[in-house]
Amino acid sequence: MPRYADRGRALGSTLWLSAVVLSGCPLNPPPEVAGHSRPAHADSEQERMIEEQIVARGVRTPRVLDALRRVPRAAFVPPALAAEAHRDSPLPIGHGQTISQPFIVAYMTDQLDLSGNEKVLEIGTGSGYQAAILGELARRVYTIEIVEPLARQSRELLERQGFENIEVRTGDGYRGWPEQAPFDVIVLTAAPPEIPQPLIDQLAIGGRLLAPVGRWHQELVLIRRDEDGIHRERLIGVRFVPMVGEARNRETSP
Ligand code: SAH
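Calculation rules
Residues numbered from 1 in each chain as written. Predicted model: local features only at pLDDT ≥ 70, side-chain atom pairs only at ≥ 80, totals over all residues. Heavy atoms only, no water. Near = heavy atom within 4 Å. Polar contact = N/O pair within 3.5 Å; in protein donor to acceptor, adjacent residues only side chain to side chain. Helix = DSSP H or I, 4+ residues; strand = E, 2+ residues; numbered from the N terminus. Nonpolar A, V, L, I, M, F, W, Y, C, P; charged D, E, K, R; others polar. 1 Å grid on protein atoms, 1.4 Å probe; cavity = no way out; pocket = protein on both sides within 12 Å on 5 of 7 lines; lining within 4 Å. Points joined across faces, edges and corners; volume = space filled by probe spheres on them. Phe/Tyr/Trp six-rings, centres within 6.5 Å; stacked < 30°, edge-to-face > 60°. Buried < 20%, exposed > 50% of the residue type's maximum accessible area, 1.4 Å probe, protein only. Lys NZ or Arg CZ within 6 Å of the ring centre and 35° of its normal. Pairing = 2+ DSSP bridges. Axes fitted to C-alpha atoms, helices over the stretch in contact; angles between N-to-C directions. Contact = heavy atoms within 4.5 Å.

**Q** Just to check I follow, could you spell out the site of the ligand for this structure?
**A** The full set close to the ligand counts 26 residues, and S127, E145, D172, G173 and V244 are the nearest of them. One of the backbone N or O atoms of Q130 is found 3.1 Å from an oxygen atom in the ligand. V244 has a polar backbone atom sitting 2.8 Å from a nitrogen atom of the ligand. Put simply, the parts of the chain that give the shell around the ligand at least two residues each are strand 4 (97-99), strand 5 (119-123), helix 6 (129-137) and strand 6 (140-145). Here the shell around the ligand takes three residues from strand 4, the largest share from any one element. Of the residues that constitute the shell around the ligand, the class distribution is twelve nonpolar, eleven polar and three charged.

**Q** Quick question: what am I supposed to make of the layout of surface pockets here?
**A** One way to see where empty space is left: roll a probe the size of a water molecule over the atoms. Space inside the largest pocket adds up to approximately 530 Å³. Elements represented by at least two residues in the lining of the largest pocket include exactly strand 4, helix 5 (102-112), strand 5, helix 6 and strand 6. At three residues, strand 4 tops the list of elements feeding residues into the lining of the largest pocket. Here the residues of the lining of the largest pocket are counted per class, giving 16 nonpolar, 13 polar and four charged.

**Q** In this structure, what is going on with the packing of aromatic side chains? I would like to understand it.
**A** Two aromatic rings are characterised by how far apart their centres lie and by the angle between their planes. In the structure shown here, the tally under the stated rule is four aromatic pairs. Their ring planes at 70 degrees and their centres at 5.1 Å tell us that Y142 and W177 sit as a pair that is edge-to-face. Of the two residues, Y142 is situated in strand 6 and W177 in the loop between strand 7 (166-170) and strand 8 (183-188); the sequence distance between them amounts to 35 residues. Neither residue differs from the other here; Y142 and W177 are each classed as buried. Taken together, the ring pairs connect Y142, W177 and F183 into an aromatic cluster. The ring of W177 has R169 lying over it, and the distance from NZ or CZ to the ring centre is 4.1 Å.

**Q** Mind showing me how you'd approach the sheet that holds strand 7 here?
**A** Each strand in a sheet pairs with another by means of backbone hydrogen bonds, the pair being arranged parallel or else antiparallel. With respect to topology, seven strands assemble into an open sheet ordered 7-6-5-8-9-10-11, the strand pairing being mixed. Each edge of the open sheet carries a strand with a single partner, namely strand 7 and strand 11 (229-238). Strand-to-strand twist of the sheet, defined as the mean angle between neighbouring strand axes without regard to direction, takes the value 15 degrees. As judged from the five bridges shared by strand 6 and strand 7, these two strands associate in the parallel manner. Following the sheet pairing, T143 is matched in strand 7 by V168. The sheet contacts of helix 5 involve strand 8, strand 9 (203-213), strand 10 (218-226) and strand 11, and relative to strand 11 the element is tilted by about 160 degrees.

Set out below in structure tokens:
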């Protein structure tokens, strides 16, 4: 029996219905949607991943956790590894590359402190997962991937997932994306031996750049740029794939 049947009978169903219309309260409110029309909830495995790997290790910013809930991680791993999608580790995505460990994506995103208005540059699109999380939290994301088939796959996937604010370019990220500079935030998800100078130059005043830096021993480095110049902070030890292309050529040339 419908919930309002008794009340409807008592008030007279016509009167009750018009009251509903006047108060603007729909009879069947739509489920809560946010961001890019994805439901703001995760399936139970993804929810467990967020609780056990991310919240438990100290990432608690509600906006970051909501973004992690909205983006289905399983869509970003190869179908053959779907059962492993929520594992506490990076996973292979082909072409010798990996999708980052969930905690690292959450930790890096948290450090960026996104308010929703930023123009972001990511170097190393890979699976597109980090780009998707950034797309949930920033105004616009530009992301560069050097392996052409990965760039193509991620571009198609992000489009299918409804991200209209993410642009994927194939190429070497060493020189950034000068046509769109300056950026409020720049994130590298492949490790150069040193942060490429063109990327620092494309950082807006007030902007921040986050990058894994080093060869065998890597550290996550956070750079802030203000009127006085560049401020560099070392965060945690990490292990990312190396940044190839010009970053590597420069290292080997005299
Ligand atoms: N952000 C990714 C992590 C991908 S791993 C994710 O969420 O899945 C790092 C990626 O950086 C790899 O796909 C690799 O091909 C790419 N990469 C390495 N050197 C690069 C360069 N010079 N320019 C652009 N992409 C690069």
